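Structure assessment
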Amino acid sequence: MTMLYYSDVLMPRKACAFARHVSAEIDYRYLDLSKGEHKAPDYLAINPNGKVPTLVEDDRILWEANAIMALLARRLAPGYLPLDDRLIEVQRWLSWDSQHFTRHGGSLYFEHVIRPKFGMGEPDADAVAEATGHFRAAAAVLDGHLDGRQWLVGDGPTIADFAVAVTLPYAAQAHIPVEDYPAVSRWHERMMALDGWSDPFPVRVAEPA
C-alpha cells in the first residue's frame, strides 16, 4: 500500500494534484497542522523535517513534493518526466522555481492565506511588498519564456508545470498579480483544465463524534 501524508496547504497540493492526475492508487492520510500532527513523534520518525507531503510504501519513505511527483511520473506517466535532454530543462525549471517563482509567490500565500488560516495575525506589509517585487521579476521571466509556448518544456505538460504553477490557484486570495502577465495567465488556464489540478485534495470523511 502506498500512503501519502498531506494537508490542504501549498506544497502537498503539487503531490496530490499530480497523484490524482495520473490516477495513482494511494491511501491519502490527512494531517491536521493546527493540531500539530506533523510534529507528532510517529510522523517525525518518517519525516524528521516535520513537513508535508510524505510518501510511504513498503520500505521506501520519500519526502518533498517534487520528488514524489518524479516517482509517480516514472511509474505511471513517463512523459511527465522525460529522460532525454528535456530532463535537463525540467530540472532547470524546478530549481528556478524553488529559488524564485514559488519562493516569492509562496511568501504571498503565507502572508495572505496561511496567517489568517492559522490565526497568526495580519499580513506583514513589508514582507508583502518585498515578495510582490520579487514575484513580479520572476513572473516577467516566466512570461517571456511562455510567450508562444503551451508548456514549460516540450509539447506537453511535465512535473515542472505542476511545480511552477502551484501558487497560481491561490492568486486571488494571496494577492498574486498573475493577471499582469498574459502568457502566464494563459498557461494557468491550461493547467486548470488538467484533471486533478483544479480539485487536488481528496474528499475527507468526517470522523465520528
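That block above? That's the structure.
An account of the accompanying structure is given in this report. Position numbers for residues count from 1 along each chain, tracking the sequence in the order it is written. Two thresholds apply to this predicted model, a pLDDT of at least 70 for residue-level local features and 80 or more for giving and counting side-chain atom pairs, whereas whole-chain, interface and lining totals are computed over all residues. Excluding hydrogens and water, the side-chain values take into account all heavy atoms of the structure.

**Here we look at the pattern of salt bridges**
- Here, a salt bridge means any Lys or Arg side-chain nitrogen found within 4 Å of an Asp or Glu carboxyl oxygen. Evaluation of the coordinates by the stated rule reveals eight salt bridges.
- Linking Lys-117 and Asp-8 is a salt bridge whose minimum nitrogen-to-oxygen distance equals 3.8 Å. Separated by 109 residues along the polypeptide, Lys-117 in helix α5 (residues 101-117) and Asp-8 in the loop between β1 (2-6) and α1 (10-21) bring together distant segments of the chain.
- The cut-offs for exposure are 20% and 50% of the maximum accessible area for each residue type, with area from a 1.4 Å probe on protein chains only; residues under the lower value are buried, those over the upper are exposed, and the others partly exposed. On the basis of relative accessible area, Asp-8 is assigned to the partly exposed category, the value being 26%.
- Note that Arg-75 and Glu-57 form a salt bridge whose closest N and O atoms lie 2.5 Å from each other. Here Arg-75, found in helix α3 (residues 65-76), pairs with Glu-57, found in strand β3 (residues 54-57); they are 18 residues apart in sequence, far enough to count as distant.
- Within the structure, one salt-bridge network assembled from shared partners comprises Glu-57, Arg-60 and Arg-75. In DSSP terms, a helix is any run of H or I states spanning at least four residues, a strand is any run of E spanning at least two, and both are numbered starting from the N terminus.

**Points about the pairing of β1**
- Counting buried positions along β1 gives five out of five residues, so the element sits mostly inside the fold.
- Examined bridge by bridge, β1 and β3 share four bridges and lie antiparallel to one another. Paired with Tyr-5 across the bridge in β3 is Thr-54.
- Pairing between two strands is assigned when DSSP locates at least 2 bridges connecting them. Sheet topology places β1 next to strand β2 (residues 27-30); four bridges connect them, and they run parallel. Bridge assignment links Tyr-6 to a residue of β2, and that residue is Tyr-30.
- Taking the sense of rotation as the criterion, the β-α-β connection linking β1, α1 and β2 turns out right-handed. If the strands point away from the viewer and the path from the first strand over the helix to the second runs clockwise, then the crossover is right-handed.

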